[in-house]
Amino acid sequence: MIVTPFGSLRIYSHADAESLAKYADNPKIAENLRDGFPHPYTRKNAIEFIDIAISKNPPTLFAIADSHEAIGGIGLMPKNDVHRLTAELGYWLGEPFWGRGVVTEAVQAIVTYGFEKLGLLRIFAEPYDSNPASCKVLEKAGFIFEGRLKNNVIKNGVIRDSMMYAITRNPPKKQ
Ligand SMILES: CC(C)(COP(=O)(O)OP(=O)(O)OC[C@H]1O[C@@H](n2cnc3c(N)ncnc32)[C@H](O)[C@@H]1OP(=O)(O)O)[C@@H](O)C(=O)NCCC(=O)NCCS
């Protein structure tokens, strides 16, 4: 578990299925994510996701939780081959909790985890150009805007640009 000012990032359990389905079932969330994040989002979708999340070792997918329940999700998706020291970052938060700095704090916490525990050197995120709140989160968390990826995605039938943000650390010095 990673403690943050608002609560924690913690491993999922099957008991989170109800709250995940409650908060994730929101088109304002799904429209900003990959098609793999469904809408509508059912309890069955939540259970399938939780099964994937708890199978990861080391853990890379965490619930954003307050003292009562899971209120969102955040995760690192490590790449492979020559990109194996890089991971993509993704996140979402239940709408009742937006605008309180929760995800900025969660991003800062998972970046530290990714660098210190997973040994990553680069963490990136690619919000759509229609998502200024997510761009702001990344800027507040210290990510650098690296450029606009033209026509990078098609979401809900609309072709969009992605905004490439990344945070990096220097490789450890050789002994
Ligand atoms: C984007 C999202 C993760 C932000 O979470 P959050 O906890 O509300 O974010 P924070 O409160 O830490 O920061 C949001 C910042 O964006 C700003 N913001 C919100 N809407 C904005 C808009 N339309 N234009 C510009 N800035 C905006 C807020 O004012 C805040 O900045 P501030 O602290 O300087 O005032 C959340 O809204 C969400 O889950 N959205 C749907 C899923 C999603 O977009 N995931 C990311 C995919 S890349």
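Quick notes on the sheet that holds strand β8 (residues 158-168)
With mixed pairing, the eight strands of this open sheet are ordered in space as β1-β2-β3-β4-β5-β6-β8-β7. The sheet terminates laterally at β1 (2-3) and β7 (144-155), the two strands that pair on one side only.

Examining the nonpolar core
The tendency in soluble globular proteins is for nonpolar side chains to be buried as a group. Membership of the largest hydrophobic core comes to 41 residues, with the highest contact counts inside it found for Ile64, Leu89, Ala106, Val107 and Ile110. Sorting elements by how many residues they give to this core places helix α4 (residues 102-116) first, with seven residues.

Considering the site of the ligand
What surrounds the ligand is a group of 21 residues, the closest being Asn32, Val103, Thr104, Pro132 and Ala133. For the shell around the ligand, the secondary-structure elements that each account for two or more residues are β5 (86-93), α4 and α5 (132-140). For the shell around the ligand, the residue count by class is 13 nonpolar, six polar and two charged.

Notes on the packing of helix α1 (residues 17-24) against helix α3 (residues 43-54)
The interhelical angle for the contact between α1 and α3, taken along N-to-C directions, is 120°, at an axis separation of 8 Å. Taken together, the axes of α1 and α3 lie oblique to each other. In this structure, the crossing between α1 and α3 has a hand that is right-handed. Contact residues: Ala17, Glu18, Leu20, Ala21 and Ala24 in α1; Arg43, Ala46, Ile47 and Ile50 in α3. Its residues assigned to classes, the contact of α1 with α3 comprises seven nonpolar, no polar and two charged.

Parameters at a glance
- Residues numbered from 1 in each chain as written.
- Predicted model: local features only at pLDDT ≥ 70, side-chain atom pairs only at ≥ 80, totals over all residues.
- Pairing = 2+ DSSP bridges.
- Helix = DSSP H or I, 4+ residues; strand = E, 2+ residues; numbered from the N terminus.
- Core = buried A, V, L, I, M, F, W, Y, C linked by C-beta atoms within 7 Å.
- Buried ≥ 20, exposed ≤ 12 C-beta atoms within 10 Å, placed from the backbone.
- Near = placed C-beta within 6 Å.
- Nonpolar A, V, L, I, M, F, W, Y, C, P; charged D, E, K, R; others polar.
- Axes fitted to C-alpha atoms, helices over the stretch in contact; angles between N-to-C directions.
- Parallel < 35°, antiparallel > 145°, perpendicular 65-115°, else oblique.
- Left-handed = near helix turned anticlockwise from the far one by under 90°.
- Contact = placed C-beta atoms within 7 Å.

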